[in-house]
Amino acid sequence: RGQPFVVRLGYGNFRYEFPLEELEPLDTKSWWAFARWRLLVGGGTRLLFTLDHQPRPSQFLNSAYANTQIRVDASRPWLRESEYGLRQRFNNNPYENEIYTGDEPDGCGFIQRHDKRYALGAYAEWSIHSRMAYTMEVSYELRRSNCFLYDFDATNFGAGISFGWF
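Residues numbered from 1 in each chain as written. Predicted model: local features only at pLDDT ≥ 70, side-chain atom pairs only at ≥ 80, totals over all residues. Heavy atoms only, no water.

Quick look at the side chain of Ser139
Selection criterion: Helix numbering and strand numbering both begin at the N terminus, where a helix is a DSSP run of H or I of at least 4 residues and a strand a DSSP run of E of at least 2. Only protein chains enter the accessibility calculation, which uses a 1.4 Å probe. A residue is then buried if its area is under 20% of the maximum for its type, exposed if over 50%, and partly exposed in between.
Position of Ser139 among the secondary structure elements: in strand S9 (residues 132-145). Its relative accessible area of 18% is what places Ser139 among the buried residues.

This is the structure in structure tokens:
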């Protein structure tokens, strides 16, 4: 806490068990990494750069994918204990095993799936009390895959009350 950067690296054996008893657990060996760099620039503006790489289980049976995410956040204080900012994210997700997506033309057959996601958003956080804030966020997300079934575009809007230490 309070440090301008953090770096964590590792290698591990990840075991994913599925709820259906007839399926064998998936064991995958992979490296993981996490790095974050916080930079303060003029006028109280904060930049946060994050790189995260880790294996994740897939919704497809007996498959996993490597999630690599690069994220940039820019935030600025506003009013009393409030802030606003922008968030940008890029994800690259290659799958470990071939998956079956259905027969053509409704599916892509057996493929080595590979997805890329892009997101851009803006948010504002208004302090209601020292441990409570009202948050609003709007974002646009785009996913492109080597199988058309998994492509999407989405505009998201969220609002809510946050509790805790900000």
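Don't stop here, the text continues.
Quick notes on the pairing of strand S10 (residues 152-163)
Inclusion rule: When DSSP finds at least two bridges between two strands, those strands are taken to pair.
By the bridge criterion, 12 bridges tie S9 to S10 in an arrangement that is antiparallel. Bridging across to S10, Ala133 finds its partner in Ser162. Hairpin connection, S9 to S10: the antiparallel pair is bridged by 6 residues.

Some details on the pattern of salt bridges
As a reminder of what qualifies: Should a side-chain nitrogen of Lys or Arg be within 4 Å of a carboxyl oxygen of Asp or Glu, the pair is scored as a salt bridge.
Evaluation of the coordinates by the stated rule reveals 8 salt bridges. Salt-bridge contacts for Glu137 lead to Arg87; the nearest nitrogen and oxygen are separated by 3.2 Å. Taken together, the residues span a long stretch of sequence, with Glu137 in strand S9 and Arg87 in strand S5 (residues 82-94) at a distance of 50 residues. A relative accessible area of 28% means that Glu137 is categorised as partly exposed. Arg89 is paired through a salt bridge with Glu141; the nearest N and O atoms lie 3.2 Å apart.

Description of the environment of Thr101
Applied cut-off: Polar contacts, as counted here, are pairs of nitrogen or oxygen atoms within 3.5 Å of one another; within protein the pair requires one atom able to donate a hydrogen and one able to accept it, and residues that are adjacent in sequence qualify only if both atoms are side-chain atoms.
Locating Thr101 in the fold gives a position in the loop between strand S6 (99-100) and strand S7 (110-111). Considering only alpha carbons, one finds Thr101 and Phe157, 56 residues apart in sequence, at a separation of 30 Å. Engagement of the side chain of Thr101 in a polar contact is seen with the backbone nitrogen of Cys108, the distance being 2.8 Å.

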